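# Structural overview
Letter by letter, the chains look like this.
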Amino acid sequence: SDPMSLRIALLQADLRWEDPTANRELLSGMIDKIRERPDLILLPEMFATGFSMRADTLAQSMDGPDVRWMQDVATRSGSTVTGSLIIEENGRYYNRLLWVSPNGLSGLYDKRHLFRLAHEQDTYTAGTTRPVFRLNDFRIAPLICYDLRFPVWSRRSSAYEYDLLLYVANWPEKRGHAWRSLLPARAIENQSYVAAVNRVGADGHGMDHRGDSVVLDYRGEVISDSEPGSPSVLEATLELDPLVRFREQFAFWQDADRFRIE
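Residues numbered from 1 in each chain as written. Predicted model: local features only at pLDDT ≥ 70, side-chain atom pairs only at ≥ 80, totals over all residues. Heavy atoms only, no water.

### Quick word on the overall build of the protein chain
Definition in use: Numbering of helices and strands runs from the N terminus; a helix is a DSSP stretch of H or I covering at least four residues, while a strand is a stretch of E covering at least two. With the radius of gyration taken over C-alpha atoms, the globule rule is written as 2.2 Å times the number of residues to the power 0.38. Burial classes follow relative accessibility: with a 1.4 Å probe on protein chains only, a residue under 20% of its type's maximum area counts as buried, one over 50% as exposed, and anything between as partly exposed. Contacts: residue pairs with any heavy atoms within 4.5 Å of one another. To measure how exposed things are, a 1.4 Å probe is used in the Shrake-Rupley method; for residues, cover is taken only from the protein chains shown. Under the convention used here, Asp and Glu are negative, Lys and Arg are positive, and both His and the chain ends fall outside the count. Where a charge lies is defined by one atom per residue type: Lys uses NZ, Arg uses CZ, Asp uses CG and Glu uses CD.
Looking only at helices and strands, the protein chain features seven helices and 14 strands. Compactness check: the protein chain gives a C-alpha radius of gyration of 17 Å against a globular reference of 18 Å for 262 residues, within 12% of the reference. Over its C-alpha atoms, taken along the principal directions, the protein chain stretches across nearly 50 × 40 × 35 Å. Out of the 262 residues in the protein chain, the part that is buried amounts to 54%. A sequence separation of at least 24 residues applies to 69% of the contacts in the protein chain between residues at least 6 apart. Accessible area of the protein chain: about 11500 Å², with a carbon and sulfur share of 47%. Charge separation in the protein chain, taken as the distance between the mean sites of 31 positive and 38 negative side-chain charges, equals 3 Å.

### Focus on the environment of Arg76
Mapped onto the elements, Arg76 comes out in helix 3 (residues 65–77). Residue Arg76 is classed as exposed on the basis of its relative accessible area of 55%.

### Observations concerning the sheet that holds strand 7 (residues 138–144)
In plain terms, the rule: In this scheme, strands are said to pair when DSSP sees at least two bridges between them. Inter-axis angles, ranging from 0 to 180 degrees, are taken between N-to-C directions of lines fitted to C-alpha atoms, where helices are fitted over the stretch in contact.
On the basis of which strands lie adjacent, the open sheet formed by six strands has the order 6-7-8-9-12-13 and mixed pairing. Either end of the sheet is taken by a strand with one partner, and the two such strands are strand 6 (133–135) and strand 13 (222–225). Shown here is a sheet whose adjacent strand axes are inclined to one another by a mean of 20 degrees, direction ignored. Relative to strand 13, strand 12 (residues 214–216) is paired through three bridges, and the arrangement is antiparallel. By the bridge assignment for strand 13, Val214 is matched with Asp225.

### Here we look at the packing of aromatic side chains
Stated precisely, the cut-off is as follows: Here the aromatic set is Phe, Tyr and Trp, taking the six-membered ring for Trp, and pairing holds for ring centres within 6.5 Å; pairs whose planes are under 30 degrees apart are stacked, those over 60 apart are edge-to-face, and all others are tilted. Note on geometry: a ring has a charge over it if NZ (lysine) or CZ (arginine) is within 6 Å of the ring centre and within 35 degrees of the ring normal.
Counted by the stated rule, this structure contains twelve aromatic pairs. Considering the side-chain rings of Tyr193 and Tyr218, the 5.3 Å spacing of their centres and the 75 degrees angle between planes classify their relative orientation as edge-to-face. Taken together, the residues span a long stretch of sequence, with Tyr193 in strand 9 (residues 193–198) and Tyr218 in the loop between strand 12 and strand 13 at a distance of 25 residues. Taking the relative accessible area as the measure of exposure, Tyr193 reaches 3% and is therefore buried. Above the face of the Tyr94 ring, Arg96 is positioned so that its terminal group lies 4.7 Å from the ring centre.

### Thoughts on the side chain of Asn198
What counts here: Whenever a nitrogen or oxygen atom comes within 3.5 Å of another N or O atom, the pair is scored as a polar contact, on the condition that within protein one atom can donate a hydrogen and the other can accept it, and that pairs from neighbouring residues in sequence are kept only if both atoms are in side chains.
Mapped onto the secondary structure, Asn198 falls in strand 9. Separated by 2.7 Å, the side chain of Asn198 and the backbone nitrogen of Trp171 make a polar contact. A polar contact is formed between the side chain of Asn198 and the backbone oxygen of Gly211, at a distance of 3.0 Å. In this structure, Asn198 is in contact with Gln12, Ala13, Ala169, Asn170, Trp171, Trp179, Gly211 and Ser213, ignoring residues within four places of it in sequence.

### Quick notes on the sheet that holds strand 3 (residues 80–89)
As a general point, the strands of a sheet are linked pairwise by backbone hydrogen bonds and lie either parallel or antiparallel. Read from one edge to the other, the open sheet built from six strands follows the order 5-4-3-2-1-14, with strand pairing classed as mixed. Each having just a single partner strand, strand 5 (104–110) and strand 14 (232–239) make up the two edges of the open sheet. Strand-to-strand twist in this sheet, taken as the mean axis angle between neighbours without regard to direction, amounts to 30 degrees. Pairing analysis gives three bridges linking strand 2 (residues 40–42) to strand 3, with the strands arranged parallel. The residue bridging Leu40 from the neighbouring strand is Thr80, located in strand 3. The strands that helix 1 (residues 20–32) touches are strand 1 (5–12), strand 2 and strand 14; relative to strand 1, the one it contacts most, it runs at about 140 degrees. Across the face of the sheet, helix 3 comes into contact with strand 2, strand 3, strand 4 (92–101) and strand 5 while running at roughly 165 degrees to strand 3.

Structure representation (structure tokens):
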């Protein structure tokens with residue numbers, strides 16, 4: 001495929017609560033319906049379980065069935081697959097996004113901002129690094145759900161370290177206005193494409209999710225959006241050339257504030 005374009009598919013799924021086998025089956029069925037092979041398939045946050053704090057019973061190792069399933073999907077489809085899982089490593093639990101290419105696992109990101117309202121920080125260990133993955137000629141920065149509320153973490157301290165900002169989420173509808181407002185803000189302030197995938201349906205705590213998965217351009221305008229509340233596969237193709245031209249024309253980064261994160 002053309003390295004200057006990136007075809008993505010976002011799986012807005014009605015996840016089954018704490019049922020990895022059912023979710024793998026559900027997501028496989030959605031992936032089978034994608035007509036044209038995407039370069040990148042995006043799965044929601046904690047796609048195997050929903051947003052659960054029961055890591056002691058649900059966590060898997062890095063060679064557990066969910067990670068193996070991601071590798072199988074990537075190999076079979078020829079697409080890179082990403083999404084987050086409950087992972088146990090060295091006696092700690094992580095809300096960990098995995099970046100799985102057809103050649104195998106090639107990167108990971110541990111959620112930095114753990115969701116205090118759900119006491120996520122009491123169960124999981126926060127990540128400290130902000131990786132940038134490469135796919136075709138795109139540089140891609142992955143983030144998870146609550147990270148969206150923290151603009152400094154989404155930002156980079158030098159000019160344009162990424163071209164696409166990804167968010168995978170279980171973001172409940174009762175705070176949906178924040179989701180729908182902050183995603184365009186992140187695209188605008190970083191002059192970057194944004195792709196955000198969220199689940200639909202109720203979780204095990206009765207929290208309802210509307211999805212509102214969306215792909216935005218570097219102006220914060222919608223390229224592709226989903227039917228609120230219903231499971232769907234959202235597809236979009238991103239082009240690098242217009243992004244580069246836009247950044248040259250509106251070089252706002254030259255006036256950006258310098259900072260470092262502690």
